[in-house]
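Structure assessment
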Amino acid sequence: MNKFHGTGVAMVTPFQADGEVDYPALEKLIGHLIDNGVEYLVSLGTTGESATLSKDEKKKVWEFTAKTVNKRVALVAGIGGNNTRETVTEIAEFDIDGYDAILSASPHYNKPTQEGIYQHYKAIAGAAKLPIILYNVPSRTGSSVAAETTVRLAKEFKNIIGIKEASGSFDLLNQLFRDKPEDFLVISGDDPISLQMVAMGGVGVISVVGNALPKQFSDMIRKCLAGDFKGAHASHYSMIEFTRLMFAEGSPAGVKAALKQLGVCGDTVRLPLVNVSANADEKIAEQLKVVR
């Protein structure tokens, strides 16, 4: 599974001013990311505003993305939900052509127990035709996947190959890195601490910031994976303020503001998300001059 080592980018979904999917801009974004050296792409994760796309829109975006990527890099589809039966059906019916894995966030809102989370992923593992990357993001789901649960899933299901970890809990990470199977992938889902996670044994990142700074972020992660942390420090520190701004007024509004300024795509988001403030937009523009 070396194809998931390095920098993956959780792509935004570009929208036209009227809120419809902007496919020419999506094609431009994909080219921008591949040309700047990212290792793989994630289509319709949280950053892609998947929560506000219809089933038909998702299908069209996935098909367009696979066709446009054309196997130039690995490609992951974000498929998750808090209705296990519905999620299993969606995964079972997913057209896997052009895709290499599924990224599936733990159930949001329901706040299941650890046994409930385990059973949810067990059901997914039984239905999936592609390898599965778990996703732990308690800030959005309202519950955390315990290290013990992740390790249990990793040991029991061969098609569960890794986890995107965005808990921010180093206590959890310490346990996970200590107890996981050797070949189980731990991927940072938290841009500000990606360097630290690779130092602990992580294999890279699925990044939001990488939409805007694909070369800079990818270069930093490659240095980390090569053990050149001293060389990675300068890039890491130079991106701290830009990274903070990407999340200061919500994601992906921040990175869409940056992408608009870079001429890659517009900054339209779908309600209930709104654009960043004029003040934040100005600060993002200032930081882009620093990090580019």
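Everything numeric here is computed off the predicted structure, so don't read it as measured data.

Looking now at the UniProt feature "site: Part of a proton relay during catalysis" (unreviewed entry) in the chain. What UniProt calls "site: Part of a proton relay during catalysis" (unreviewed entry) maps, in this numbering, to T46 and Y109. Mapped onto the secondary structure, T46 falls in the loop between strand 2 (40-43) and helix 2 (55-69). Excluding anything up to four places from it in sequence, T46 contacts Y135 and R140. Among the secondary structure elements, Y109 is positioned in the loop between strand 4 (101-105) and helix 4 (114-127). Exposure remark for Y109: the relative accessible area of 71% places this residue in the exposed category. Apart from residues lying up to four places away in sequence, Y109 is in contact with N82 and T141.

Now for the sheet that holds strand 3 (residues 74-78). Read once around its circumference, the closed barrel built from eight strands follows the order 1-2-3-4-5-6-7-8, with strand pairing classed as parallel. The average undirected angle you get between the axes of adjacent strands in this sheet is 25 degrees. Relative to strand 6 (residues 160-165), strand 5 (residues 132-136) is paired through five bridges, and the arrangement is parallel. Across the sheet, the residue bridging to Y135 is K164, located in strand 6. Packed on one face of the sheet, helix 2 meets strand 2 and strand 3 and runs near 175 degrees to strand 3.

With that settled, consider the packing of helix 12 (residues 253-262) against helix 13 (residues 278-291). Across the interface, helix 12 lies against helix 13 with an axial gap of 10 Å and an inter-helix angle of 60 degrees. Taken as axis vectors, helix 12 and helix 13 run oblique relative to one another. Of the two elements, helix 12 crosses helix 13, and the hand of that crossing is right-handed. Touching G254, A257, A258, Q261 and L262 of helix 12 are D281, I284, A285 and L288, all from helix 13.

This part covers the nonpolar core. Ranked by size, the top nonpolar core spans 82 residues in total, and within it L41 and F242 carry the most contacts. Core analysis: the second largest hydrophobic core is formed by 17 residues, V76, A101, A166 and L185 among them.

In terms of residue burial, helix 12 counts as a mostly covered element, since seven of its ten residues are buried. Of the residues making up helix 12, those classed as buried are A253, G254, V255, K256, A257, A258 and L259. Those residues of helix 12 hidden inside the fold are in contact with helix 1 (23-35), helix 11 (240-248) and helix 13. After helix 12 finishes, the residue G263 shows a positive phi value of roughly 80 degrees.

The next subject is the side chain of T150. Relative to the helices and strands, T150 resides in helix 6 (residues 147-156). A relative accessible area of 1% means that T150 is categorised as buried.

As a further point, take the side chain of R270. Looking at the secondary structure, you find R270 in the loop between helix 12 and helix 13. At 2.9 Å, the side chain of R270 forms a polar contact with the backbone oxygen of G19. One polar contact links the side chain of R270 to the main-chain carbonyl oxygen of T52, over a distance of 2.7 Å. Filtering out sequence-adjacent residues up to four positions away, R270 remains in contact with F15, G19, E20, V21, E49, T52, L53 and E57.

Calculation notes
Residues numbered from 1 in each chain as written. Predicted model: local features only at pLDDT ≥ 70, side-chain atom pairs only at ≥ 80, totals over all residues. Heavy atoms only, no water. UniProt positions renumbered as here; feature names shortened; annotations may be inferred. Helix = DSSP H or I, 4+ residues; strand = E, 2+ residues; numbered from the N terminus. Contact = heavy atoms within 4.5 Å. Buried < 20%, exposed > 50% of the residue type's maximum accessible area, 1.4 Å probe, protein only. Pairing = 2+ DSSP bridges. Axes fitted to C-alpha atoms, helices over the stretch in contact; angles between N-to-C directions. Parallel < 35°, antiparallel > 145°, perpendicular 65-115°, else oblique. Left-handed = near helix turned anticlockwise from the far one by under 90°. Core = buried A, V, L, I, M, F, W, Y, C linked by side-chain atoms within 4.5 Å. Polar contact = N/O pair within 3.5 Å; in protein donor to acceptor, adjacent residues only side chain to side chain.

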